[in-house]
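# Working through the structure, step by step
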Amino acid sequence: MRIGVRLTPDLAHGALVAGGALVASRSGEPRELLTRLASGSRVDTVTWDVSAVLDASLGSVTGRVAAVRVLPGVARGTALGGHPSPLVRSLVGWRGHVTGGHDLFGAELAPLALDDQAAELAAAGGLDTLVVTATGAVGRADHEREVAARVLAHRPGLRLCLSYEVGGPGLLEREAAAVLNAALLDVADDLVDRCAAATAALPGEVGCGFVTGEGGRVSAERLRSLPVLALGADDATRLSGAAVLGGATDALVVLVGREVVVGHVRDGLPHVEPDLVGPHGVRLAAPRPVLSRTPVEPAGHDHVVVALLDGAEDVGDLAGTLVRPDADLGAVGAACARAGAWLDVVATADTADELDQLRERVRQRALTVVATSGSEPGAARVVADTARPVAYLRSGVYRLHVRATGAS
Amino acid sequence: MREISAADLPALMTGSRLLSASTGFIVDACLDWVAELVDRHGPVPLVGVADLPPESPCAAIAMVGSVTALAELPPTGEEPELAVRALEARLGHPLRAVMPLAAATVNALFPIAAAAVSGLPLVDCDGMGRVLPLIQQSTYALAGLPLTPLAAVGAAGDVVVVDAAATRADPLLRAAVTTAGGWMLCAMNPTTAGHLRNAAIPGAVSRLIDVGRVLRTAADHTALLDDLTRVLGAKLLGSGRVVELSHDTRPTGPGLPANPTSVAVVEYTGAGRLIRLEAQNEFLLATVDGAVAAAVPDLLCLLDRRERRVVDPESVVVGDHVDVLVIPAAPVWHTPEGLRLAGPRAFGFPVGHPREGISP
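Every chain's residues receive numbers from 1 upward, in the order its sequence appears when written. By the order in which they are written, chains take letters starting at A while ligands take numbers starting at 1. With pLDDT at 70 or above as the cut-off, local features in this predicted model cover only qualifying residues; side-chain atom pairs require 80 or more to be listed or tallied, and sums for whole chains, interfaces and linings still use all residues. Think of the side-chain values as coming from all heavy atoms in the structure, minus any hydrogens and water.

## What to know about the domain arrangement of chain B
Residue and element names in this part refer to chain B.
- Throughout the structure description, domain borders are defined by an automatic or database domain assignment. What the domain assignment reports for chain B is domain 1 (2-204) and domain 2 (218-347).
- Accessible area that two parts lose when put together, with a 1.4 Å probe and added across both, is what the buried area reports. When domain 1 packs against domain 2, the two sides together hide about 1800 Å² of surface, and 71% of this comes from carbon and sulfur.
- Per-residue buried area on domain 1 facing domain 2 is highest for L18, R130 and L142; these three make up 38% of the total on that side.
- The working definition used for a salt bridge is a side-chain nitrogen of Lys or Arg within 4 Å of a carboxyl oxygen of Asp or Glu. Between domain 1 and domain 2 we count zero salt bridges in total.
- Here a polar contact is taken to be a pair of N or O atoms separated by no more than 3.5 Å, where protein atoms must pair a possible hydrogen donor with a possible acceptor and residues adjacent in sequence count only if both atoms sit in side chains. At the boundary of domain 1 and domain 2, one finds four residue pairs in polar contact (both at pLDDT 80 or more).
- Under the scheme applied here, ten amino acids are nonpolar (Ala, Val, Leu, Ile, Met, Phe, Trp, Tyr, Cys and Pro), four are charged (Asp, Glu, Lys and Arg), and all others, including Gly, are polar. Along the lines of polarity and charge, the residues of the side of domain 1 that touches domain 2 split into ten nonpolar, seven polar and three charged.

So, in structure tokens, the structure goes:
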């Protein structure tokens, strides 16, 4: 049996699922909710969707993060020196610049010039958390690591978020993810402690996991260090929860409530892409479900699942499996979430054989991440794997996306 | 005379996104940056080429390279002025106007930035009317305007001036672009307004703003397609689902960056025709059940049926639901010379353009 919990700032919504079918659901205080849902049954996992709590907390952590960019040149003006996202701007209380950085292929664009600045960076404008974003770090993170080592030598207690740990290509997307991550560390610490304690109160050995924005499940420790991964998880869990209740693993999912939200579930997982606009208009390098909020007609041979929410009755011309959920969709989706990994890599391959080898290496890395996220041994598999040539760069440059999932 | 103010930029971007699907924070940042420049320096005069004295020196402004690289290495903001000044220094005289090479997403913005910081007017024209992969594939080159000398500036502060034959300039510049981090901002095609009159696609910038305003107000998907047909003469080749992506499916075209891709779309309706798109940087050729239906230099464009966004060869994935649109190129591209420079054979396809033999 698996329990999924969607946590909001006010309440927890839970669902007990067995063999892909909903057994029970209820809402309440988290610890009591788990006990009542389990009701003496043996529970294998509890998976938490904490995105609503993380999202709500962003308004209370403004100005807490220091950010430094490592680039070969200094930006002129506010627009290029700052960040286009109002949320990111509000979270950053101090900014710095260091000369350095690499290109996408790992060649150094400028030597790291840190000698006169290490102490100033370590001071971080009096803040406790410093985000370091170096151009090219997605391919070669030497300068981010060097900045980290040097500032820690000055100030051992400083908390650091390095952008290469958070996301893929796109300096501003990666910086946004790292800034949000840094801003959420304290909140995540507290959340993980609370969720782990509530899970541990259930009898037996129960796995505790958290849903990410791409719909996969990660360990408590991974969420503690990378809380940004959980943002947008509610979109993912609602889609997969509706598909589960509609008995589909591949479907166009239409959520009809106060607004209409359309997404896709493929192989039981929400269809996701990186660099999409998410909560607060922030684009993150981390992937999130591809959603449409404009009414669309079903296309082709889609299996359509229509979930009626918030008392909605009118489904217009939509034909498909109708779901009137007795449970919170997000909780159902969380209960069914499996260990997941998403890798986004830019790399070069000059021949078809090299490209095959490169793709295989990235697939293996993704499977390793799944295995270390608590997947059952041997259950990890790659569910999506694309290699697309990067336009207007020299021949042989590809952007690889690999998505893997497991059983957990 | 029209002016471009910060208020015009969102519509310009919407219109230009039909030509290129680039999105992301880098496009937002560049938009904010150019708005900041226009606010600081004042609206940019948008002039017809005939409004300039014939002897006025002018040059095209374009980013050469990859938007993915630009997103990883954002501009410092100095590049437009440095590129203009470097070209002026090489030419030995100041420019009196700048124009776009291919006004699409960031390449619609950089010429405005160059005009704003240099205090120059922007000529309301374009050299491609779409995006083509090589810098010599322009109506400027078609009319015999020189491509070089050109000045290129990178975000690491590199300044390169290229003096070379047109066919050598692109490979030389690409080498510099690779070393500079994957993109450089260039001032190129130095000419005069008099020569530009018969070499440019007129009214291209204002058309993007006007198209963008229409697109931003389209009520739904059907209205959007109707608007594109009415305003741009777009033709719907078919609608369906992407069922296959494959790479390196054919020998690469001569000197083109990136690798070729094939995209197969199966139509929803009727017999489920197979639309196959051949791409390399851009969509170049469309066949329907094996017969050539559309080809470069006409613009082949995939429009996501759910997201109301353009899908490019870099972002398309299996399962996408798309409309395949063909937007006719400027008439000059349908001449024998235009098709020789930018028709399907110029990209290595052993087929003619559907309009070949038809008078433009």
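## Some words on helix α10 (residues 221-232) of chain B
Residues and elements named next belong to chain B.
- Compared with the 16 Å implied by 1.5 Å per residue over twelve residues, the 16 Å span of α10 between its first and last C-alpha is a close match.
- Buried residues are those whose accessible area, probed at 1.4 Å on protein chains only, stays under 20% of the maximum for their type, while exposed residues exceed 50% and partly exposed ones sit between those limits. Secondary structure elements are taken from DSSP: a helix is a run of H or I of four residues or more, a strand is a run of E of two residues or more, and numbering for both begins at the N terminus. Turning to α10, its buried residues number three or more, namely H221, L224, L225, D227, L228 and L232. Within α10, the buried residues cover an arc of 160° as seen down the axis, which keeps them to one side. Of the exposed residues in α10, those oriented more than 90 degrees away from the buried face are T222 and R230.
- Contacts from the buried residues of α10 go to α9 (204-217), β16 (299-304) and β18 (321-327).
- Phi for G233, located one or two positions after α10, is positive at around 70°. For a helix, the expected span equals 1.5 Å multiplied by the residue count minus one. Think of it as the arc spanned by the lines of direction from the helix axis to the C-beta atoms. Contacts are residue-level and defined by heavy atoms, with any inter-residue pair within 4.5 Å sufficient.

## A word on helix α10 (residues 329-336) of chain A
Residues and elements named next belong to chain A.
- For α10, a buried count of seven out of eight residues is recorded, marking the element as mostly surrounded by other parts of the structure.
- Residues of α10 that are buried: L329, G330, A331, V332, G333, A334 and A335.
- Where α10 starts, the residue carrying a side-chain oxygen 3.0 Å from the main-chain nitrogen of G330 turns out to be D328.

## So, the domain arrangement of chain A
Residues and elements named next belong to chain A.
- What the domain assignment reports for chain A is domain 1 (63-173) and domain 2 (340-405).
- Computed from C-alpha atoms alone, the centre-to-centre distance between domain 1 and domain 2 is 27 Å.
- Around 460 Å² of area is buried between domain 1 and domain 2 when both sides are counted, 77% of it from carbon and sulfur atoms.
- In terms of surface lost to domain 2, no three residues of domain 1 exceed L104, F105 and P169, which account for 86% of the buried area on that side.
- At the surface where domain 1 touches domain 2, the tally comes to zero salt bridges.
- Counting every contact that joins domain 1 to domain 2 gives zero residue pairs in polar contact (both at pLDDT 80 or more).

## Section: the packing of aromatic side chains
Residues and elements named next belong to chain B.
- Within 6.5 Å between ring centres, the rings of Phe, Tyr and Trp (the latter by its six-membered ring) count as paired, and their orientation is classed by plane angle as stacked under 30 degrees, edge-to-face over 60, tilted in between. Taken as a whole, this structure holds two aromatic pairs over all chains when the rule is applied.
- Where W33 meets F110, the ring centres are 5.8 Å apart and the plane angle is 65°; that geometry is what we call edge-to-face. In this pair, W33 is assigned in helix α2 (residues 25-41) and F110 in helix α5 (residues 106-118), connecting sequence segments 77 residues apart.
- Exposure remark for W33: the relative accessible area of 3% places this residue in the buried category.
- Residue classification places F110 among the buried positions, given a relative accessible area of 1%.
- Between F110 and W183, the aromatic rings sit 6.2 Å apart at their centres with planes inclined by 20°, giving stacked as the arrangement. Of this pair, F110 sits in helix α5 while W183 sits in strand β9 (residues 183-192), placing them 73 residues apart in sequence.
- When its relative accessible area of 0% is taken as the criterion, W183 is described as buried.

## Let's talk about the interface of chain A and chain B
- Taken together, the contact pairs 57 residues of chain A with 57 residues of chain B.
- Buried area between chain A and chain B, both sides added, is near 4600 Å², and the carbon and sulfur share of it is 56%.
- Inspection of the region where chain A meets chain B yields three salt bridges.
- R76(A) serves as the salt-bridge partner of E78(B), at 3.4 Å between the closest nitrogen and oxygen.
- Counting the contacts that link chain A with chain B gives 14 residue pairs in polar contact (both at pLDDT 80 or more).
- Counting only elements with at least two residues in the side of chain A that touches chain B, the list comes to α3 (77-81), α7 (171-200), β12 (260-266), β19 (381-389) and β20 (397-405) of chain A.
- The element that contributes the greatest number of residues to the side of chain A that touches chain B is α7(A), accounting for five residues.

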